[in-house]
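Secondary and tertiary structure notes
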Amino acid sequence: MKDRLIKVLDRFEHLTAELSDPEVIRDSRKFQELSQERAQLQGISDLAHKYLELLQRKEDAEEMIQAGGELARLAEDERHAIDQILPAIERKIVFELLPKDPHSGKNIFLEIRAGAGGDEASIFAMDLFRMYCKFAAKRGWRVEILNESFSEKGGYKEVIASIEGSEAYTLLKYESGVHRVQRVPTTEAMGRIHTSTVTVAIMPEASEADVVLNDKDLRIDVFRAGGKGGQGVNTTDSAVRVVHLPTNTVVICQDERSQIKNKAKAMKVLRARLLDAQITAQNADRAAQRKAQVGTGDRSERIRTYNFPQERVTDHRINLTLKKLSSVMEGDLIDIVEALQQDEYTKLLSETNDRSN
């Protein structure tokens, strides 16, 4: 760990020097990149200075103990005090050294689609969307619906929304996958429990720098909006469909009365989908995980089960079961999120240790 921290400090000092270089200052893009890297290293740099200082003090104390004399007892007390402090600092350092998700500070796009289960699946899709909206409200996040498609019973066939706020991607990225519900539908006359599924996708917002779109790769269609848009929305050709031809990715946005606004929102969603595809392609492990989670929406594929008769919610990835389903559906997701975060940190720590051994 000592050698690694020395390298971190060397890099931090090098970045500090570079940011004082007039040529770097004139290059706004490079200056911003280096500034961001330095800011990311600030925390570990402060810990490294403290940790290395304590190690040096401990070495000095051990030399005094070996030398004996009047100061040996004081040196023993010093070493004991340092030994009490070091483990906590080491844990903080290990946490700071874990690989950071480059998209952790971004806003997100939330997509929810009804899977297997017909009308009940669409009704639960709406229930899940309300759950995420309530979770977002507890954190002061802003939720905006970009497109919605309704079933005959009033549930969602599909809904796409943007969520803006601090830690939106960090906290909700674990929600991507198939969510299974077990309950008696309101449409069930015999009182039988049905099992339905809904797919959820969480995508980090992508900037124009993250994903470059060429006009020749796009087909943009306009048409009259439908659904519950209200008076005025569906009286003009304001809805926009954007097709990314190389990947056949299709995005529709019709929430706004303005064609220009709908196009801008559709382009944002398109960039997010393409960025998500890039991330998946670059990470084989994540690709396998995404396939297992999202799949086809079949009942046999799920990351979480919501069992209403038993008031139980179970996250199958970490074998977590909570008997507080009503509370969860009101947006109380934090216990599940924190458990998933802890599981991720544990796995990252294990991988880091394996690489260092």
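First, a word on what this report is: a plain description of the structure on this page. Every value quoted in this text rests on a predicted model; they were computed, and no experiment measured them.

Overview of the nonpolar core
- Membership of the largest hydrophobic core comes to 39 residues, with the highest contact counts inside it found for I112, L128, Y132 and Y306.
- Ranked by residue count, the leading element in this core is helix α5 (residues 119-138), at nine residues.
- In this structure I112 touches A125, L128, F129, Y132, K157, E158, V159, V198, T199 and V200, once residues within four positions along its chain are discounted.

Describing the environment of E344
- Mapped onto the elements, E344 comes out in helix α10 (residues 334-356).
- Assessed through its relative accessible area of 25%, E344 is described here as partly exposed.
- Measuring from C-alpha to C-alpha, the distance between E344 and I318 comes to 10.0 Å, with 26 residues separating the pair along the chain.
- In this structure E344 touches K173 and Y174, once residues within four positions along its chain are discounted.

A short note on the pattern of salt bridges
- Counted by the stated rule, this structure contains 25 salt bridges.
- The partner of R142 in a salt bridge is E164, with the nearest N and O atoms 3.7 Å apart. A residue pair is termed long-range when its members are at least 10 positions apart, and R142 in strand β2 (residues 142-150) and E164 in strand β3 (residues 156-164) qualify at 22 residues.
- On the basis of relative accessibility, which here comes to 46%, the residue R142 falls in the partly exposed class.
- A salt bridge links K265 to E144, with the nearest nitrogen and oxygen atoms 2.2 Å apart. A residue pair is termed long-range when its members are at least 10 positions apart, and K265 in helix α7 (residues 259-282) and E144 in strand β2 qualify at 121 residues.

Let's talk about the sheet that holds strand β10 (residues 312-315)
- Strand order across the open sheet formed by eight strands is β2-β3-β1-β5-β4-β9-β10-β11, with mixed pairing between neighbours. Because the sheet does not close on itself, it has two edges, and the strands there are β2 and β11 (320-322). The mean angle between the axes of side-by-side strands here comes to 15 degrees, regardless of whether they run parallel or antiparallel.

Criteria and cut-off values
Residues numbered from 1 in each chain as written. Predicted model: local features only at pLDDT ≥ 70, side-chain atom pairs only at ≥ 80, totals over all residues. Heavy atoms only, no water. Core = buried A, V, L, I, M, F, W, Y, C linked by side-chain atoms within 4.5 Å. Buried < 20%, exposed > 50% of the residue type's maximum accessible area, 1.4 Å probe, protein only. Helix = DSSP H or I, 4+ residues; strand = E, 2+ residues; numbered from the N terminus. Contact = heavy atoms within 4.5 Å. Salt bridge = Lys/Arg side-chain N within 4 Å of Asp/Glu carboxyl O. Pairing = 2+ DSSP bridges. Axes fitted to C-alpha atoms, helices over the stretch in contact; angles between N-to-C directions.

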